[in-house]
Amino acid sequence: MRIRKPGSRMKGLPRGDQRPTVGTDTRARWRWLTDLWSELLTSTSFARRRVIATGAVLVALLFSLAILRVADAHLMRTSIMSGGILMACLVILIAIGLRRRLPILPLGSVSSWTQVHIYTGVFACGVYFMHVPKIIGDGILESTLSLLFLFVSGSGVYGIFASRRLPPRLTVIKGEHRFDQVTWHRNQIAIAARDVISKAVSNDASKSRGVLADYYRDVLEPFFVSGPSVGYLVVPNSRRRHRLLSGLFDRERYLDAWGKQIAGQLAGLVRRRDDLDYQFALQARLRGWVCLHGIASMVLLVVAVIHGVLAWRFGA
Amino acid sequence: MKPPSLPPGPNDAPVIAVRRPERWDEPMDPTMSHSDIDWLLKQPPFSTLDPSSFPRTIPLDGILLNDCRLLRVKPCQVICRQGDYANSAFLVIDGSVRLLTEGLPEEDLGRVRERSLSWTQALRKLFFPSRVPETRRPEEITPLGNWNNDVNDFAPTDAPASNAPTSDAPVLFLQDMDGVLRRGQAVTLLAGELFGEVAAMYRSPRTATVVADELATLLEIRWQGLKILRRDRGFADRMEQHYRDTWLPLHLRELPLLRHLPESNLKRVVANTQMRSFGRMQWNADYKKNRTLTPAEQIASEPVVAPEGRPATELIVVRSGFGRVCQSYGAGMRTTAYLGKGHLFGLEDLVLSIVSPPNHPPGVLQHTLTAVGFLDTLHIPLETFATEILPHIRRSELPTRAAEALVSVPSDALPRSDHERRRNRREDSRTLVGEGNRDQETAPTGTRFESTALQEFIVQHRFNNGREAMVIDLHRCTRCDDCLNACASVHDGNARFARVGETHGRVHFVQACMHCTDPVCMIGCPTGAIHRDEASGHVRISEPICIGCAVCSNSCPYDAIHMAEIRDPQGVLYTDAKSGKPINKPTKCDMCAGLPTGPACASACPHDALVRIDLSESPPLEDWLRRRAS
Amino acid sequence: MRRDELKLPDPPLVRRPCDAFVCDRQDPDGSGSSPCAVGPDHRGRCPLAGHDDTQACVPQRTWRSKRRRLMLKVSLALLVVCGLALGTPWAPRVIRPGELSKAHSQILSGTLQKDRCAACHANVSTETWTKQFGWAVSMASSSGGDAAGSMTDRCLVCHHRAFGGDVQARSAHNLSLAELEQAHQRWMNQSEVPLQTVSLPRKWMAQALIDSSNLECNACHQEHHGQAADLKAITDARCQACHKTQFHSFANGHPEFTDWPSVTNRRIRFDHNRHAKLHYPKQSGAPVFDCQQCHFDPRVGSQGEPIIASRPYEEACASCHDAGLDAISGEGIAIWQLPTISQQSAARLESWPPAAIGFPDEQVSALTSLLVSSSVTAPLSRKAVDETAGPLRDQLIQLALGGQRVLQDRLMSLGMGAQQADVFAASLPPQLLVEAALKWFDVREPVAPATDFTDPTNVLFGGDSESLLSGNGGELLGSAGSGDLLSGGTDPLGTDALALDPLAANPSAESSTDRSGESDWANQLRQRYAPESTQPLGGWYRDDVIGTITYRSSGHADPILVALIETMLDQRSQGAWAALAELPAVKACVECHTLGMGSNSESHLGWASRWRTTEVRLGVRSLTRFSHRPHWNISVLRDCRQCHAMTGEVVPESGDKAPVVTVEVHADFHALSKSACVTCHHPDGAGDSCTQCHQYHASPIRLDLDVTEVARRARGNTLE
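As the structure is a prediction and not an experimental result, all values here were calculated from the model.

> Kindly report on the overall build of chain B, identifying the contributing residues and their values.
Check the secondary structure of chain B and you find 19 helices and 25 strands. The buried share among the 630 residues of chain B stands at 58%. A fraction of 79% describes how many contacts in chain B between residues 6 or more apart in sequence connect residues 24 or more apart. In the form shown here, chain B has an accessible surface area of approximately 25,400 Å², with 55% of it arising from carbon and sulfur atoms.

The following block contains the structure:
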């Protein structure tokens, strides 16, 4: 783990860490803690950070398990305890959404919130299993609640997986397309294709224009003007791409040099369009799960609060 | 992005007519009076200047009136601080000031954060953004007060000085001056001497802290004015000479390599040092042209400072600007490092050629140094280096090969006698014990990246200029655009960057203001509206005095500045009363200055993917990449 | 093919990403700029829409705003659903956490859904409920008379029968603190093993958190865990929650058994060792000494407790002991006996049988004197005897005249219970007394004393009756046997070894009498009356020779004997008992029955339990229970010796069999140690949870509910 060296004297730029920290002695007393925290967040390698956090979560789980066992042995309402812990976790977990919507306040970076979010989530799952008598509670409210919790947890786990696995796949595709502009790009490609083909058709000298026109009308135009199928969005694959390109290349033998060039341009457009759809599918997935996760967790919070109030009222 | 050409919206839309600001709308010091000017014109150096060498639109007295201000300082008052980004130079009219090159503790220099919004203000700003892009309140687009458009009318204006970019530096007094003087070496500047011009001209941070020695009167000249003044040959020469006399020793002294040089040697070195400049200061104009070229062509187009294969005859020190160190590799050139301010070139070769036996052919340069854009260098001849400097260099400070060579040579091959060298080494060891690890660094011979490809990429796109570059790790970025949304929501709904830019592997360099080491956007700003924030070093635009000439936007090589038409909160367009043309203002990343949080983009990224990072040196980026590699 | 790629325009830079709409314009020139610098407004209208629609675009909603709207819709839907779920009479159905246990759900099955909550949850009264969740009507009816009070109170509405009232129900183990402390002390004193005390925090928490004087039912019994859930289930850890001293498990730390063999007073003086070692082998055919013979209840089904204290006398003991009892009771008990008095004292009386005049006796039998002059001590002087004679004569005459009523009154005046007095009186035929009175005291019928002096027996008459008795001892036995024979083979004892006595010579004698002629029977009758032959089954008879009215007892549990013994013992004076004690028949009784005279603790007990084999402790509340049944099912354990090992040493008979001596502890068994149980009772075996042998509720909780209450609830009208 390398710590960033202070800047050389030659370029005496004042740096954040060189500025005098205006702080009371209380803040000075907790300085080491904040330093450790920032160290963990800024310059620890991710693998190391993962190990540390997982260890911390395990310790916390064991600790709370022990506490609950002892309390249960003393005829205490452990369900109230674990429920309280769960509720607190839930609040922390929900809070990240709040943080995301308040970018203007100095509430710490969202990435550190994300770390807290992830590991609090894991911890909450553990506590959940200590809390519930059975995985899916009986009774309408309870079963709904547990199903919600399981769904949110599950989507969260998928979220970690997705947000770590999908970006590299996005990166290898050429071009950065903004999600909201995908339709714009799609239209651009369609327009470009139309121009190309019209150029081809307008060229009387070439014999191959008929071939291209037919293929465009029958196969390419529907492809260019319409969006990707739902199936493709769910499981992006290269079948469609191969079908179109091979269709194009099969017709190459009927084309003259000029036609071949046009075909090449069309092929290029097909590839770009396919890449665009691929990006769209992956980005939709990346945004979709967040959306579901967020909404479900909001519902979860509401139901959980109801459950909590009821348990508190009826627990006698 | 070009500002839109068509008149915005329907033609019959209501507009608010205002007057387009002009140069000198905002005099540096409105309280400057005729008597001041007359008195100044009698003082040297202005008495010696020849007014005819100035253009008619910008006469000398105009400069004095609008680009200067008189400063009366009390003893121990800090006039300028080391590390500040300057827009102005100071001329000592009367009294004397003390110039401290020894770094003072930041607290003594009273560096403070800029005043930030309260939470409530911030939240109001966040929750009630305007529904119209780029809205401004009237006081935000033109300076308050009755501005005069006539240069010859010297009626004093009562504009608040707060609008001037440089004048809101807090008046600060240095505690325990004597202690400081005892600690660091200080230079006394007397009447007629100019200081701060280097920082002003080369857009570099102040190299020294200047404190008033006694009651003194200074003339502060902002660099736009200074540029005009240099048109007078004499003035320019005097500045040149003055630089050599005053600053060169200090600059040289600041080189780690020469830290232990005795005064006498230093004097000789100063005498023999050549000052050279390569490329144009407005390098960005050329870059706009040849950025499309292939890397090879780019390198070919860069002015060569020292070609590879030529005998190493001098040590080259970069004073400002950027240099590319490259080596012929295969058919093309391979960039092995890039040089920034204070970096050295040819040290290793120089030492090798010195220690090689006399009958042996002298060592040659292994690399080529070219000027990336603009490069300002100091050249120390071989003989001077061998006699004056080399004996005082510790081996630990030399590149390894040179160090080895130095051991292997017979003692008589070296100009200095043995015992002296031994003495030096003893001193060195003492200092070693005394000063700790920082002295272990070898001489700064450039910034190197482990991956050559990344290095080539950075240099080719001039990202080495960036101090707060926005870098995204595409392998972690989920394209959620939270950074963009955060930026927009803290800027009243207007994003200050777009998530587009150059990509190299997983590293994505976003088109956002990098707050460059060499902010070319400042060149040619007629009013100094675009300036460095003295505390943070961020490049800021104070819009009220900006005339919307779009020079900065055009000269930014990274398309980070965007000219926008501005409207009032109801969405009504501001137009110039005279021409009826819309009023434009440049918008760019301001590092969320004045907000409770830091840069919102970095803190809004949920996946540690986005960072604002200093590219002028390799460690930050490499550490950042190393974290996620494992 | 890449080189064929066309240059496509860059998209317009998004300057306001937070807006709800984005411009959808395709710019053919690729400059990235659009004719409207402003872009669509927040309502999604293109600014050009009104002015030149040729230029106007159709703004697209951004993902961000789509997501916002979805969020809004969902939260609205959620609001509606919650309103429906919580704000309507469906609410109880929705919020019910889980099924009730079978019994409770059956009881509440008749109730309306909304009232069910209120049946147990006190806080679901109208006010609180409306305050909390705001539906007034649904719970209004449920806040019936018992709205106040905690959930435990509501449990007790049905279950109060099980405990001694509310306080008992809430206190730990339903015992008062004093009782608990006492139990703890006893426990500490008994346990040899040092009880390991638990870690401090647990103890601290135990003290801190549990108010053992006010425990709620639902501390342990938690509802809503489904029909199958066991409300009584509890972990060992929870059992130990309050205990000052705690241990790890049954095998490790549980105190050793100290009160087995139990200290309960056992009223049958039965020495297992002697029977096993001496008595059984003596029997012909040497029957095996089998525990089940006496302790296994053959009538038990597959569920009930197979082991009982002992089977009744008839099944367990009679086979050997009947004969002995008959033999002992062969000589009857002389209830009334005429003393022999001198001539002159006889003269003083109105009349006295001459046969009883002669050399006067020194004393009167204690029983007689008790009946006559209810003084227990027999007079020991001639004078006293003389004084007794008169009242005796009067009493007999009274009885003869008055019959059973007079006798009954007399007995009751002696302190006999009315019932027993009835039985006693009923058993004595008054006619016997009439004849006695006539024969002995009627002066008009002169007696010829001289004639009788030829009778060989007369030689002995007036002599000491002891010698006579002793002389006839063997014969008596013998004739008893013959009497059995005559009584027919129906008696199982006919097969008894004791019956085949070599001395039974009478059959031959009787046959000879048969051979003598018709006139012979009269003389035979005129001979002295022989109860041995005529009254083997017991009953009253008169002996003119010695002048007694005698009762002959009839084997085990003879009512008259029982009556006499109980009466005498109730006199609470050694004398009264002494009057009875030396009678052989009575001796026979107390040989086995210890009648629990030893411990005062039992004097209060009724006779019904004092005759029983073991005492039944009434009102003793135990925290422990044991059933032989599960052990019985294990074949190995059917051999009782597995746990109950006899010592095997035969203690010499102690001569004294006075009933005051009671057997405290079984000396003839080894103490049962924990180790015997531990072999099976470990977690992997038969289990060692506390509740296997211990019950939390000291009073055994029979599920006797307040039926009316249950019915009330079942009917579902919880108002009243």
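Read on for the rest.
> Could you give an account of the packing of helix H4 (residues 78-101) of chain A against helix H11 (residues 257-314) of chain A, naming the residues involved and the relevant values?
Residue and element names in this part refer to chain A. Following both chains from N to C, one finds H4 and H11 inclined at 150°, their axes separated by 11 Å at the closest point. Between H4 and H11, the interaxial angle falls into the category roughly antiparallel. Read as a crossing pair, H4 and H11 show a hand that is left-handed. Seen from H4, the contacting residues are Met87, Leu90 and Ile94; seen from H11, they are Ser297, Met298, Leu300, Leu301, Ala304 and Val305. Split into classes, the residues belonging to the contact of H4 with H11 amount to eight nonpolar, one polar and no charged.

> Outline the pairing of strand E16 (residues 368-381) of chain B, supporting the account with residue identities and numerical values.
Regular strands show a simple pattern: their side chains alternate between the two faces of the sheet. All names here are of chain B. Extensive coverage of E16 is indicated by the burial of 13 of its 14 residues. In this sheet, E16 lies alongside strand E11 (residues 274-278) in antiparallel orientation, the contact comprising five bridges. Of the residues in E16, the one forming a bridge with arginine 276 is threonine 377. Relative to E16, strand E12 (residues 304-306) is paired through two bridges, and the arrangement is antiparallel. In the strand pairing of E16, alanine 306 is matched with leucine 369. The sheet contact formed by strand E13 (residues 314-329) and E16 spans 12 bridges and is antiparallel. Its bridge partner lying in E16, arginine 324 is registered against threonine 370.

> Explain the sheet that holds strand E10 (residues 216-222) of chain B to me, using residue names and the numbers behind them.
All names here are of chain B. Here we have four strands laid out as an open sheet, ordered E2-E10-E4-E8, and antiparallel in their pairing. Both edges of this open sheet fall to strand E2 (68-73) and strand E8 (194-195), since each of them pairs with a single strand only. Of the strand pairs in this sheet, E2 and E10 are connected by six bridges, and their pairing is antiparallel. Opposite valine 73, over in E10, you have alanine 216 as the bridge partner.

> Break down the pattern of salt bridges for me, with residues and values.
According to the stated counting rule, one finds 51 salt bridges over all chains in the structure shown. Here B:Asp481 and B:Arg499 are joined by a salt bridge, their closest N and O atoms 2.6 Å apart. Linking B:Asp481 in the loop between strand E17 (469-473) and helix H16 (482-490) with B:Arg499 in strand E18 (residues 498-504), this pair joins segments that are 18 residues apart in sequence. For the residue pair B:Asp481 and B:Arg499, the accessibility class agrees, reading buried in each case. The closest approach of N and O atoms between C:Glu315 and C:Arg299, which form a salt bridge, is 2.3 Å.

> For helix H20 (residues 418-427) of chain C, give the residues involved together with the corresponding values.
Residues and elements named next belong to chain C. Buried within H20 we find Ala421, Phe424 and Ala425. The buried residues of H20 all sit within an arc of 95° when viewed along its axis, so they share a single face. In H20, those exposed residues whose orientation departs by more than 90 degrees from the buried face are Gln419 and Ala426. Looking at the buried residues of H20, the elements they touch are helix H19 (404-413), strand E4 (539-543) and helix H28 (559-570).

> Any chance you could break down the packing of aromatic side chains for me, citing the residues and the numbers?
All told, the structure shown has 19 aromatic pairs over all chains when counted by the stated rule. Consider the rings of A:Phe223 and A:Phe224, whose centres lie 5.1 Å apart with planes at 50°: the pair is tilted. Here A:Phe223 falls in the buried class, since its relative accessible area comes to 9%. On the basis of relative accessibility, which here comes to 2%, the residue A:Phe224 falls in the buried class. Members of the aromatic cluster, joined through ring pairs, are B:Phe457, B:Phe463, B:Phe509 and B:Tyr558. In this arrangement the basic side chain of A:Arg186 is found over the ring face of A:Phe280, its NZ or CZ atom lying 5.3 Å from the centre. The side chain of B:Arg334 reaches across the aromatic face of B:Tyr329, ending 3.9 Å from its centre.

> Describe the nonpolar core, and please don't skip the residues or the numbers.
Counting 64 residues, the largest nonpolar core has B:Ile79, B:Val97, B:Phe195, B:Leu218, B:Leu252, B:Leu369 and B:Phe385 as the members making the most contacts within it. Sort the elements by how many residues they give to this core and helix H11 (residues 347-355) of chain B lands first, with six residues. Of all hydrophobic cores here, the second largest spans 56 residues; its members include C:Phe424, C:Leu432, C:Met568 and C:Val590.

> Tell me about the environment of B:Leu398, and name the residues and values.
Residue and element names in this part refer to chain B. Mapping leucine 398 onto the fold places it in the loop between helix H12 (382-389) and helix H13 (400-408). Of the residues examined, leucine 398 reaches a relative accessible area of 2% and is grouped as buried. For the pair leucine 398 and glycine 505, spaced 107 residues apart in sequence, the C-alpha separation works out to 34 Å.

> An account of the interface of chain A and chain C is needed here, citing residue identities and associated values.
Taken together, the contact pairs 54 residues of chain A with 55 residues of chain C. For chain A, the biggest contributors to the area lost against chain C are A:Leu75, A:Trp184 and A:Phe314; these three give 16% of the whole. A:Asp72 is the salt-bridge partner of C:Arg238, the closest N and O atoms lying 3.5 Å from each other. Across the chain A-chain C interface, the total number found is six residue pairs in polar contact (both at pLDDT 80 or more).

> Residues and numbers for the packing of helix H3 (residues 46-73) of chain A against helix H5 (residues 110-131) of chain A, please.
All names here are of chain A. Running from N to C, H3 and H5 point in directions that differ by 30°, and their axes come no closer than 10 Å. With respect to H5, the axis of H3 lies roughly parallel. Read as a crossing pair, H3 and H5 show a hand that is right-handed. Contacts between H3 and H5 involve Arg49, Arg50, Ala53, Thr54, Val57, Ala60, Leu61, Ser64, Leu65 and Leu68 from the first element and Gln115, Tyr119, Val122, Phe123, Gly126, Val127 and Met130 from the second.

> With reference to specific residues and values, describe unusual backbone geometry.
Residues and elements named next belong to chain B. Of note in the backbone geometry, arginine 479 takes a positive phi value of approximately 60° without being a glycine. Considering the arrangement of structural elements, one finds arginine 479 in the loop between E17 and H16. Of the residues examined, arginine 479 reaches a relative accessible area of 0% and is grouped as buried. Positive phi, normally seen in glycine, also occurs at aspartate 559, with a value near 50°. Looking at where aspartate 559 falls in the secondary structure, it is placed in the loop between helix H17 (551-555) and strand E22 (562-565). Residue classification places aspartate 559 among the partly exposed positions, given a relative accessible area of 34%.

> Tell me about the confidence of the model for chain A, residues and numbers included.
Of the residues in chain A, 91% reach a pLDDT of 70 or more, and the chain-wide mean stands at 86. Of all secondary-structure elements in chain A, the lowest mean pLDDT belongs to helix H1 (residues 25-29) of chain A, at 65, while H5(A) reaches the highest, 95.

> Please provide a residue-by-residue account of the confidence of the model for chain B, values included.
Residue and element names in this part refer to chain B. This prediction gives chain B a mean pLDDT of 77; 81% of its residues lie at or above 70. Of all secondary-structure elements in chain B, the lowest mean pLDDT belongs to helix H14 (residues 418-435), at 44, while E17 reaches the highest, 95. In this model residues 1-10 is a low-confidence stretch, pLDDT under 50, and it forms 13 contacts with partners more than four residues away in sequence or in other chains. The low-confidence segment residues 144-170 (pLDDT under 50) makes 37 contacts with residues lying over four places distant or belonging to another chain. As scored by the predictor, the complex reaches a pTM of 0.74 and an ipTM of 0.76.

Parameters at a glance
Residues numbered from 1 in each chain as written. Chains lettered and ligands numbered in written order. Predicted model: local features only at pLDDT ≥ 70, side-chain atom pairs only at ≥ 80, totals over all residues. Heavy atoms only, no water. Helix = DSSP H or I, 4+ residues; strand = E, 2+ residues; numbered from the N terminus. Buried < 20%, exposed > 50% of the residue type's maximum accessible area, 1.4 Å probe, protein only. Contact = heavy atoms within 4.5 Å. Areas by Shrake-Rupley, 256 points an atom, 1.4 Å probe, with all protein chains shown as cover. Axes fitted to C-alpha atoms, helices over the stretch in contact; angles between N-to-C directions. Parallel < 35°, antiparallel > 145°, perpendicular 65-115°, else oblique. Left-handed = near helix turned anticlockwise from the far one by under 90°. Nonpolar A, V, L, I, M, F, W, Y, C, P; charged D, E, K, R; others polar. Pairing = 2+ DSSP bridges. Salt bridge = Lys/Arg side-chain N within 4 Å of Asp/Glu carboxyl O. Arc of directions from axis to C-beta. Phe/Tyr/Trp six-rings, centres within 6.5 Å; stacked < 30°, edge-to-face > 60°. Lys NZ or Arg CZ within 6 Å of the ring centre and 35° of its normal. Core = buried A, V, L, I, M, F, W, Y, C linked by side-chain atoms within 4.5 Å. Buried area = accessible area lost by both parts, 1.4 Å probe. Polar contact = N/O pair within 3.5 Å; in protein donor to acceptor, adjacent residues only side chain to side chain. pLDDT = per-residue confidence, 0-100.

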